[in-house]
Amino acid sequence: MTKVHRKIVGNVAIQCGFDVVYAGSVEAAFECISARSFDFITVDLSLGERDGIELLRLIGRTKANPRVIVISGCEERILNATIRMARSVGICDAISLPKPLNLGLLREVLKSRGSGRGSVSSSPSAVAIASDQIRTGLERHEFHPAFQPKVRISDGALVGCEALARWETPQFGAVSPDVFIPVLEEAGLIQELTRSLLDQSIRDAREFIRRDPDFALAVNVSANLLTDLSLPEEIEAALHKYDVAPRSLMLEITESTAMSDVSRAIDILVRLRIKGIGISIDDFGTGYSSLTALSRMPFSELKIDRSFVDRCTIDADLWKIVRGTVALAHEFDMKVVAEGVEDSNTHEALRSIGCDVGQGFWFSQALDYDNFLVWCENWKIRGPVRTKRTSGGSS
Ligand code: G
Ligand code: G
Ligand code: MN
């Protein structure tokens, strides 16, 4: 940062009530960061891009978790990529300010300290759980669905929910699906879990549908289960058992590995659709869940992966992907669901491009059966009102 610039930024920070420390080089900055902790660190990229990037890496390695403001005259895409890079090295809260510097904006950012945005997300416990333990858990019926609401973007009405597997173990406590799903897939046990989750969540959804006949339950199905030609009949039997209509069920197909037998998968998906069951392409835009799958399979719904959605209002590149994907899905007459809606700005932005449905922490996390029913009752009273009241503003 030039001396003049440094002085200007420093003055704004002092006006906002901060003590300010200046560093003229990466080495000096690193010494400061190592010696004490900071609420904010501003980094100017223009003094040599290598130094700025290097400094971000060093900040990412420190234990403290400061908010980082990257100031730069670079073009927007480079700035956006820099912010993504900062996040990838462990800086949870990094934002960019373009040059010429808007001092009002800088003041606003400095005043919003401790907003909680981008709080550190803890990763799933790294306990290595053996497939035997999971097998035992399945036998003991320790897996249950939690329900996350799916909300119509235009008016905030509840349209359905996604059932997400939860494993509560006596031994390890709550284990994340990110830990047990891959192990189940590897051990050939995913079918057992899916069967159990389908049965339990269809049973529970009877009550949701009784309250709203248009309610749709979504259940996750790994694409590698689409080799079992009896799957459509099995699912139909589960629906019969609880007297739930096929149109009330949506299967979210998650594809983590390439399908081994595409024509067989298409066979199964077509038969499910003919029966009136909805098919959703999950985590769209990541891994194998992409244009190839879209061009071959008869999906009725597309879920944009949350890695595109959760920062789409602050990252112009992500926003282009979200907007383009909504348009693409509508070309295929598919409903579009945005995953990972975390704030009202994102909700508003999605509304402006006609995205159909949203899911995410802004509405609710996944809840057990009892809490989901309570949430539904509260939402009917409060939900749509909340949406209108916050329109255009920040939370
Ligand atoms: O919200 P959560 O952390 O529970 O979900 C983590 C991931 O696990 C999600 O991406 C979801 O697709 C996957 N998942 C959750 N439940 C199931 C399930 O019953 N079957 C499959 N195949 N995947 C699931
Ligand atoms: O199957 P799918 O990948 O859609 O599973 C949903 C996953 O996303 C679960 O892990 C759930 O806990 C998580 N999730 C749901 N809403 C949000 C959100 O708003 N933000 C983030 N970061 N994760 C979310
Ligand atoms: Mn899903």
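None of these values were measured; they are calculated from a predicted model.

A. Looking closely at the pattern of salt bridges. By the definition in use, this model includes 25 salt bridges. A salt bridge links aspartate 310 to arginine 311; its shortest N-O distance comes to 3.7 Å. Summarising the burial analysis for this pair, aspartate 310 and arginine 311 share the class buried. Residues joined in a network through salt bridges with shared partners are Lys150, Glu162, Glu252, Glu301 and Lys303.

B. View of the packing of aromatic side chains. Following the criterion strictly, the structure yields 13 aromatic pairs and no others. Centroid distance phenylalanine 363 to tryptophan 379: 6.0 Å. Interplanar angle 85 degrees. Geometry classified as edge-to-face. One end of the pair, phenylalanine 363, is in the loop between strand S12 (357-358) and helix H15 (369-389); the other, tryptophan 379, is in helix H15, and 16 residues separate them in sequence. We classify phenylalanine 363 as buried; its relative accessible area is 4%. In this structure tryptophan 379 comes out as buried when scored by relative accessible area, which is 3%.

C. Highlighting the coordination of the manganese ion (ligand 3). Bound to the manganese ion (ligand 3) are the protein donor atoms Glu162 (OE), Asn220 (OD1), Glu252 (OE) and Asp282 (OD), situated 2.1 to 2.4 Å from the metal. Donor residues for the manganese ion (ligand 3) sit on one chain with the sequence pattern E-x57-N-x31-E-x29-D. On the criterion of sequence distance, the pair formed by glutamate 252 in strand S8 (residues 249-254) and aspartate 282 in strand S9 (residues 278-284) is long-range, its members being 30 residues apart. Judged by its relative accessible area of 0%, glutamate 252 is buried. Of the residues examined, aspartate 282 reaches a relative accessible area of 3% and is grouped as buried.

D. Structural context of the site of ligand 1. Neighbouring ligand 1 are the residues Leu164, Ala165, Arg166, Pro177, Asp178, Ile181, Leu193, Leu197, Asn220, Ser222 and Thr254. Separating an oxygen atom of ligand 1 from a side-chain N or O atom of arginine 166 is a distance of 2.4 Å. For ligand 1, a nitrogen atom lies 3.0 Å from a polar atom in the side chain of serine 222. Secondary-structure elements contributing two or more residues to the shell around ligand 1 are strand S5 (158-169), helix H7 (177-186), helix H8 (190-211) and strand S7 (216-222).

E. Looking closely at the site of ligand 2. For ligand 2, the set of nearby residues contains 14 residues, the closest of which are Gln148, Arg306, Glu339, Glu342 and Phe361. Taking asparagine 220, its side chain carries an N or O atom lying 3.4 Å from an oxygen atom of ligand 2. Within the contact set of ligand 2, an oxygen atom lies 2.7 Å away from a backbone nitrogen or oxygen of phenylalanine 361. Contact with the protein chains covers 78% of the free accessible surface of ligand 2, which is 520 Å².

F. Structural context of H8. For H8, which comprises 22 residues, the first-to-last C-alpha distance of 31 Å matches the rise-based estimate of 32 Å (1.5 Å per residue) to within 8%. The largest bend along H8 reaches roughly 30 degrees and is located at alanine 205.

G. The arrangement of the sheet that holds strand S1 (residues 40-44) in detail. If you trace the three strands from one edge of the open sheet to the other, you get S1-S2-S3, paired in parallel fashion. Strand pairing shows two members of the sheet lacking a second neighbour, S1 and strand S3 (94-98), which therefore form its edges. When strand polarity is set aside, the average angle formed by the axes of neighbouring strands in this sheet is 25 degrees. Direction of pairing for S1 relative to strand S2 (residues 67-72): parallel, over a ladder of five bridges. The residue bridging phenylalanine 40 from the neighbouring strand is arginine 67, located in S2.

Thresholds applied
Residues numbered from 1 in each chain as written. Chains lettered and ligands numbered in written order. Predicted model: local features only at pLDDT ≥ 70, side-chain atom pairs only at ≥ 80, totals over all residues. Heavy atoms only, no water. Salt bridge = Lys/Arg side-chain N within 4 Å of Asp/Glu carboxyl O. Buried < 20%, exposed > 50% of the residue type's maximum accessible area, 1.4 Å probe, protein only. Phe/Tyr/Trp six-rings, centres within 6.5 Å; stacked < 30°, edge-to-face > 60°. Helix = DSSP H or I, 4+ residues; strand = E, 2+ residues; numbered from the N terminus. Donors = N, O, S within 2.8 Å, 3.2 Å for Na, K, Ca; no water. Near = heavy atom within 4 Å. Polar contact = N/O pair within 3.5 Å; in protein donor to acceptor, adjacent residues only side chain to side chain. Areas by Shrake-Rupley, 256 points an atom, 1.4 Å probe, with all protein chains shown as cover. Expected span 1.5 Å × (residues − 1). Bend = angle between axes of the 7 residues up to and from the residue. Pairing = 2+ DSSP bridges. Axes fitted to C-alpha atoms, helices over the stretch in contact; angles between N-to-C directions.

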